[in-house]
Amino acid sequence: MPDCQERTALTPGELLTPAERLRLILVLGVLIALGPLTVDMYLPALPAIRDDLMTTEAAVQLTLTGTLAGLGLGQLLVGPLSDAVGRRRPLLVGVAVHVVASVGCALAPDLVALGGMRVLQGLGAAAAAVVAMAVVRDLFVGMAAAKILSRLMLVMGAAPVLAPTLGGLVLALVSWRGVFVVLAILGVAITVVAAMLLPETLAPEGRRRGGPLGTLRDCGRLLGDRPYVGLILVAGLAMSSLFGYVSGSSFVFQQVYGLDEQQYAIVFGLGAVGLIIATQCNVRLLRRFAPAQVMTGALVAGTAAGVVLLLLAATGVGGLPGLLVPLWLVLAACGLALPNAPALALSRHGEAAGTAAALLGAVQFGVAALTAPLVGVLGAGATGMAIVIAGGMAAATAVALLVVRPWQIEASATPAGPVAH
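Residues numbered from 1 in each chain as written. Predicted model: local features only at pLDDT ≥ 70, side-chain atom pairs only at ≥ 80, totals over all residues. Heavy atoms only, no water.

Moving on to the overall build of the chain. Along its length, the chain carries 15 helices and zero strands. Just so you have it, the chain exposes about 16,000 Å², and 72% of that area is on carbon and sulfur atoms. (Helix = DSSP H or I, 4+ residues; strand = E, 2+ residues; numbered from the N terminus. Areas by Shrake-Rupley, 256 points an atom, 1.4 Å probe, with all protein chains shown as cover.)

Next up on the list: the side chain of Gln121. For Gln121, the location among the structural elements is in helix H6 (residues 111–139). Of the residues examined, Gln121 reaches a relative accessible area of 0% and is grouped as buried. For Gln121, the contacting residues outside a window of four places in its chain are Thr38, His98, Ala101, Ser102, Cys105, Phe180 and Leu183. (Buried < 20%, exposed > 50% of the residue type's maximum accessible area, 1.4 Å probe, protein only. Contact = heavy atoms within 4.5 Å.)

Checked against the element boundaries, Ala395 lands in helix H15 (residues 382–404). With relative accessibility at 28%, the residue Ala395 sits in the partly exposed group. Taking C-alpha positions, Ala395 is 9.3 Å from Leu233, a pair spaced 162 residues apart along the chain.

This brings us to helix H12 (residues 291–315). Counted at 1.5 Å a residue, the expected span for H12 with its 25 residues is 36 Å, and the 36 Å between its end C-alpha atoms agrees. Of the residues one or two after H12, Gly316 is the one with positive phi, at around 75 degrees. (Expected span 1.5 Å × (residues − 1).)

This part is about the packing of aromatic side chains. In this structure the tally under the stated criterion is four aromatic pairs. Each ring, one from Tyr245 and one from Phe253, has its centre 6.4 Å from the other, and the planes form 65 degrees; the classification is edge-to-face. Here the two residues Tyr245 and Phe253 agree in accessibility, since each one is buried. Taken together, a centroid distance of 6.2 Å and an interplanar angle of 50 degrees make the contact between Phe253 and Tyr264 tilted. A residue pair is termed long-range when its members are at least 10 positions apart, and Phe253 in helix H10 (residues 226–256) and Tyr264 in helix H11 (residues 261–285) qualify at eleven residues. Of the residues examined, Tyr264 reaches a relative accessible area of 0% and is grouped as buried. Here the aromatic residues Tyr42, Trp176 and Phe180 are joined through ring pairs into a cluster of three or more. The ring of Tyr42 has Arg118 sitting right over it, with the charged end atom 3.9 Å from the ring centre. (Phe/Tyr/Trp six-rings, centres within 6.5 Å; stacked < 30°, edge-to-face > 60°. Lys NZ or Arg CZ within 6 Å of the ring centre and 35° of its normal.)

Moving on: the environment of Leu233. Inspection of the secondary structure assignment puts Leu233 in helix H10. The class of Leu233 is partly exposed, set by a relative accessible area of 33%. The spacing of Leu233 and Ala396 is 163 residues in sequence and 7.2 Å in space, taken between C-alpha atoms. Once residues lying within four places of it in the same chain are set aside, the contact partners of Leu233 are Val363 and Val399.

What follows covers a nonpolar patch on the surface. On the surface, a cluster of nonpolar side chains totalling about 370 Å² of accessible area is made up of Val188, Val192, Met196 and Leu197. Mapping Val188 onto the fold places it in helix H8 (residues 177–197). (Patch = residues over 30% accessible without salt bridge, like charges linked within 9 Å, V, L, I, M, F, W, Y side chains within 5 Å. Salt bridge = Lys/Arg side-chain N within 4 Å of Asp/Glu carboxyl O.)

For the rest of this paragraph, the subject is a positive patch on the surface. Judged by side-chain charge, Lys147, Arg151, Arg284 and Arg287 come together as a positively charged surface patch. Taking relative accessible area as the criterion, Arg287 reaches 58% and is therefore assigned exposed. (Lys, Arg positive; Asp, Glu negative; His and termini not counted. Charge placed at Lys NZ, Arg CZ, Asp CG, Glu CD.)

Next up on the list: the pattern of salt bridges. Under the counting rule described, the total for this entry stands at three salt bridges. The salt bridge involving Asp138 is made with Arg87; its shortest N-O contact spans 2.8 Å. A residue pair is termed long-range when its members are at least 10 positions apart, and Asp138 in helix H6 and Arg87 in the loop between helix H4 (57–85) and helix H5 (88–107) qualify at 51 residues. Taking the relative accessible area as the measure of exposure, Asp138 reaches 6% and is therefore buried.

To continue, consider unusual backbone geometry. At Met54, a position not held by glycine, the phi torsion is positive, near 55 degrees. Within the secondary structure layout, Met54 lies in the loop between helix H3 (46–52) and H4. The class for Met54 is exposed, based on a relative accessible area of 75%. For Arg405, which is not glycine, the phi dihedral falls at a positive 55 degrees. Mapping Arg405 onto the fold places it in the segment after H15. Assessed through its relative accessible area of 31%, Arg405 is described here as partly exposed.

Treat this as a map of the structure, not an account of what it does.
Given below as structure tokens:
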């Protein structure tokens, strides 16, 4: 049995039993899944929505941008709030907003109404995303946090596999509006799971009482930390590559290469499998390398694969198989970079985990929101999608090397505060 001095050095997550840790990871996985499901499940329906609401591809993609914008803005609101009042209440209210917005999407009479409801959906899903990240930082730090986030990235990889597939199955039975009914039902289920199984992880003595001015001071301190800012930009730019694929793949695979909704779901899912495998390889890599080393290597490799993707997309060499191989390599690189950049960023600021997670999420989804419509603006073709994907990876690599300077990073080892029950 460890002595008292050793026990005080342990984080709350390290004091959990294996069964408690597994339950926590499963619950956080359910929360993390809400955002990807909200974003991806309706992707096979984008052409149908365009035709039904008599609009354009670029306009329909703005509904995706609205969701991502809501995810980003919502995290800026929920993060500081969760630092002040705890994690559970903002989470439950946010998911309830998601449920109401999902019903609104199902009833939307036109694209403007649908876009507005999608923003609200994103706001609601943001509560699940930011609270899940803050809970990880409440309980774990450094490499332990990176390993937990790698497990959660398994969910973020699996959710895109399931979401378009589920969306395709729903579309085989009902119209695109049925997709949003299913999302409302999922939101209700997630609310029940969170209410029953997620404990409060931020003890009252760890809560921040500074109000709006205190939040601004926290944000100023966070934004004054160069490595933290660089890391959240890396996470955002890597996410922009991922969402360049998410926003463009439906039109590229279905309209350029002639896949139907179910075939598209399969191809999209296979790409997510590469993301899943990479996230789980990350756990093994962290046994030998520091998170910053894994992140940097993945970004460099992903940039090289992105350049190859762009060349093949522009020339048409290799057809669809030639496009998919480098595309899946980029997704695998994202699977290695995305767990490590957030873990390194959050490990630097455990005293304001909610606000730190909020800024991280806001940048991730904000950059993705700006990126998503670019594929449509560039023509919704393979070349436009490849430009966005390769550009995001190249920019992430540049920021990592020039701003983060990973060789200088040391993840914080400061234990988190106690868990409140």
